[in-house]
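Structure assessment
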Amino acid sequence: MPVVFVHGVPDTHHVWSPVIARIDRADVVAPDLPGFGGAPRPDGFAATKDDYVAWLVEQLRRLDGPVDLVGHDWGSLLVQRVASVAPDLVRTWTAGGAAIDPDYEWHDMAKLWQTPEVGEQVMAVMAGDAVVDSLAGAGVPRDHAVAAATRLDDEMRACILALYRSAVEVQHEWAPDLDRITAPGLVLHGARDPYVHPDHARYLGGRTGARVEILDCGHWWELERPDEVAALLTAHWAAA
């Protein structure tokens, strides 16, 4: 019964290192999404939201499950979707930092990425100090921001654009299936998240019966509050 951590954008599996170091489990799986951190894309993989869901379902079917599934940011969206469409694979789920809520409006950077030509122009200047300063300004510890900037290559940029452009209406397309989630859930969210208001976390909890914890941090709760996150995860798993 592994625990599987799913990262978001523009992250890799390294974003989970502080939490993994604080949990007492030997069955941790923390993959890089295809196209992220040098992970190859399967043949025919177009990096759309549905491609990533199908890929994650395939990874989980290879494990001795059902699993404890944890996701942040885009990883949160994927976790919610997998728990909706493949509930047999999920023992518990934890998600936060993203919204499948018809009332959600994409944040400004997402809208830029979703706009043809404009997104490419934005990606062209997303490098080096610009990435570090942006991540650090949003709450990412500076050492993690520096490391993340070095991993943002052209393949990852292309995947981010394709993913966001496939997901303009994801909050409407995937919301109806939230009612299919049956596994116990935990929603973790930063009180000062600049991209997703905490009300969307409360909506997810209300739709799924999940426990909601609003943490004193920004968007990256796994980096900003690793001790608290590890304790909440451990209790969540033990109660299932």
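Residues numbered from 1 in each chain as written. Predicted model: local features only at pLDDT ≥ 70, side-chain atom pairs only at ≥ 80, totals over all residues. Heavy atoms only, no water.

Some details on the overall build of the protein
In terms of helices and strands, the protein carries 12 helices and 6 strands. For a compact globule of 240 residues, the expected C-alpha radius of gyration is about 18 Å, and the protein comes in at 16 Å, within 12% of that figure. Along the first, second and third principal axes, the C-alpha set of the protein runs to 45 × 35 × 35 Å. Here the protein holds 240 residues, and 54% of them are scored as buried. Long-range pairs, those at least 24 residues apart, make up 74% of the contacts in the protein with a sequence separation of at least 6. Surface accessibility of the protein: about 9,800 Å² in total, with carbon and sulfur atoms responsible for 51%. Computing the positive centroid from 19 side-chain charges and the negative centroid from 36, the protein places the two 3 Å apart. (Helix = DSSP H or I, 4+ residues; strand = E, 2+ residues; numbered from the N terminus. Rg over C-alpha atoms; globule rule 2.2 N^0.38 Å. Buried < 20%, exposed > 50% of the residue type's maximum accessible area, 1.4 Å probe, protein only. Contact = heavy atoms within 4.5 Å. Areas by Shrake-Rupley, 256 points an atom, 1.4 Å probe, with all protein chains shown as cover. Lys, Arg positive; Asp, Glu negative; His and termini not counted. Charge placed at Lys NZ, Arg CZ, Asp CG, Glu CD.)

Quick notes on the pairing of strand S6 (residues 211-215)
Bridge count between strand S5 (residues 185-190) and S6: 5 bridges; the pairing is parallel. From the neighbouring strand, Gly190 faces S6, where its bridge partner is Leu215. A crossover connection joins S5 to the parallel S6 through helix H10 (residues 198-208); in handedness this β-α-β unit is right-handed. (Pairing = 2+ DSSP bridges. Right-handed = clockwise from strand over helix to strand, strands pointing away.)

Some details on helix H6 (residues 128-137)
All buried positions along H6 are accounted for by Val131, Val132 and Leu135. Seen end-on, H6 carries its buried residues on one side only, within an arc spanning 100 degrees. More than 90 degrees from the buried face of H6, the exposed residues found are Asp129 and Gly137. The inward-facing, buried residues of H6 abut helix H7 (142-151). (Arc of directions from axis to C-beta.)

Quick word on the packing of helix H2 (residues 49-61) against helix H3 (residues 74-85)
The contact between H2 and H3 brings their axes to 10 Å, and the two run at 65 degrees. Comparing their axes, H3 and H2 come out roughly perpendicular. Crossing hand, H2 versus H3: right-handed. Between H2, through Lys49, Tyr52, Val53, Leu56, Val57 and Leu60, and H3, the contact on the second element is made entirely by Trp74, Leu78, Arg81 and Val82. Looking at side-chain class alone, the contact of H2 with H3 contains 8 nonpolar, no polar and 2 charged residues. (Axes fitted to C-alpha atoms, helices over the stretch in contact; angles between N-to-C directions. Parallel < 35°, antiparallel > 145°, perpendicular 65-115°, else oblique. Left-handed = near helix turned anticlockwise from the far one by under 90°. Nonpolar A, V, L, I, M, F, W, Y, C, P; charged D, E, K, R; others polar.)

These figures come from the coordinates and say nothing about function on their own.
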